[in-house]
Amino acid sequence: MRCGTRYPGTRYLGARYLSCAAVLFFVLGFLFAKPVFAQDAGAKERARMGVFLSNFSELHMLNFDAADVLNPEKPYAMIRFGIWHNYINNYKKRIRNCTDAGCRWGSLTIDGRYVKESIERYFGYTLKECPSVEASLAPTPADVYHYDGKLYHFEGAAGEAVYHAKVDKAWQREDGLFEMQGKMCLAEDMGDCPATFTALARKHTWKGKKTWAAVSLHTEFPE
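Keep in mind that this is a model prediction, so the values were computed, not measured.

Student: Just give me the short version of the pattern of salt bridges, but keep the residues and values in it.
Tutor: Per the stated rule, a full pass over the model turns up seven salt bridges. Between E117 and R94 there is a salt bridge, and its shortest N-O distance comes to 2.8 Å. Taken together, the positions of E117 in helix α6 (residues 112-123) and R94 in helix α5 (residues 91-94) put the pair 23 residues apart, joining distant regions of the chain. Its relative accessible area of 24% is what places E117 among the partly exposed residues. Look at the salt bridges and you will find they share partners, linking D111, R113 and K150 into a network.

In structure tokens:
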């Protein structure tokens, strides 16, 4: 129906103007409305999101899509995350020295159940069986993660510059995903933020608590 159409035998109805104006107001409101922010996405919620994303950025996982990380045919990135997340955050509780003769696969070990737990917590993915990441699947010999049926064997590494995420804004999109935007900052100086990022995550519940599962993270450093 066209707005303001005159029909034969009727008076020009001003009500039609009101109806069309209401429709126009709704459309313009939809086009120019601010994003609908996630529930309680104030400073406190954005801080939680920053901590969540920092679990990836501190491992130099600054650009990834979860679909690639969780590819069972190429498990390197997935197993690397599960091991090194614990190396950084749970070293005293979960990392043990290798006790095998010669420690062929590295001087450190971690129980495979902790690797599976970290993958499920941060990606929402249940790893049914722990795969080994042998030399053919690893980018370098230092990235071999051998699984002996209970423990992963690996070698430690020297520290590198660590990035933490600072979320400046976040909202829930129409498809239900949460989009987060902000800056990547040096952990030792959160005022030094050389890059920006955009991340996507979905709703996830971990041990009864509401959190997120990573979908993607993409970071840009200025040229």
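More follows now that the structure is in view.
Student: Give me the sheet that holds strand β7 (residues 178-186): which residues, what numbers.
Tutor: What the five strands build is an open sheet, ordered β1-β9-β8-β7-β6; its pairing is antiparallel. The open sheet has two edge strands with one neighbour each: β1 (64-65) and β6 (163-172). Contacts from helix α2 (residues 43-57) reach β1, β6, β7, β8 (195-206) and β9 (209-220) within the one sheet, and its direction differs from that of β6 by about 130 degrees.

Student: Which residues make up unusual backbone geometry, and what are the values?
Tutor: Its identity is not glycine, yet H60 carries a phi of approximately 65 degrees, on the positive side. Structurally, H60 is set in the loop between α2 and β1. Within the chain, C103 stands out as a residue other than glycine whose phi angle is a positive 45 degrees. Within the fold, C103 resides in the loop between β2 (95-97) and β3 (108-111).

Student: How would you summarise the state of the cysteines if you had to cite specific residues and measurements?
Tutor: What the rule picks out here adds up to two disulfides. What pairs with C185 in a disulfide is C193, and their sulfur atoms sit 2.0 Å apart. Across the disulfide from C185 to C193, rotation about the S-S bond amounts to roughly 90 degrees, and the bridge is consequently right-handed.

Parameters and conventions
- Residues numbered from 1 in each chain as written.
- Predicted model: local features only at pLDDT ≥ 70, side-chain atom pairs only at ≥ 80, totals over all residues.
- Heavy atoms only, no water.
- Salt bridge = Lys/Arg side-chain N within 4 Å of Asp/Glu carboxyl O.
- Helix = DSSP H or I, 4+ residues; strand = E, 2+ residues; numbered from the N terminus.
- Buried < 20%, exposed > 50% of the residue type's maximum accessible area, 1.4 Å probe, protein only.
- Pairing = 2+ DSSP bridges.
- Contact = heavy atoms within 4.5 Å.
- Axes fitted to C-alpha atoms, helices over the stretch in contact; angles between N-to-C directions.
- Disulfide = S-S within 2.5 Å.

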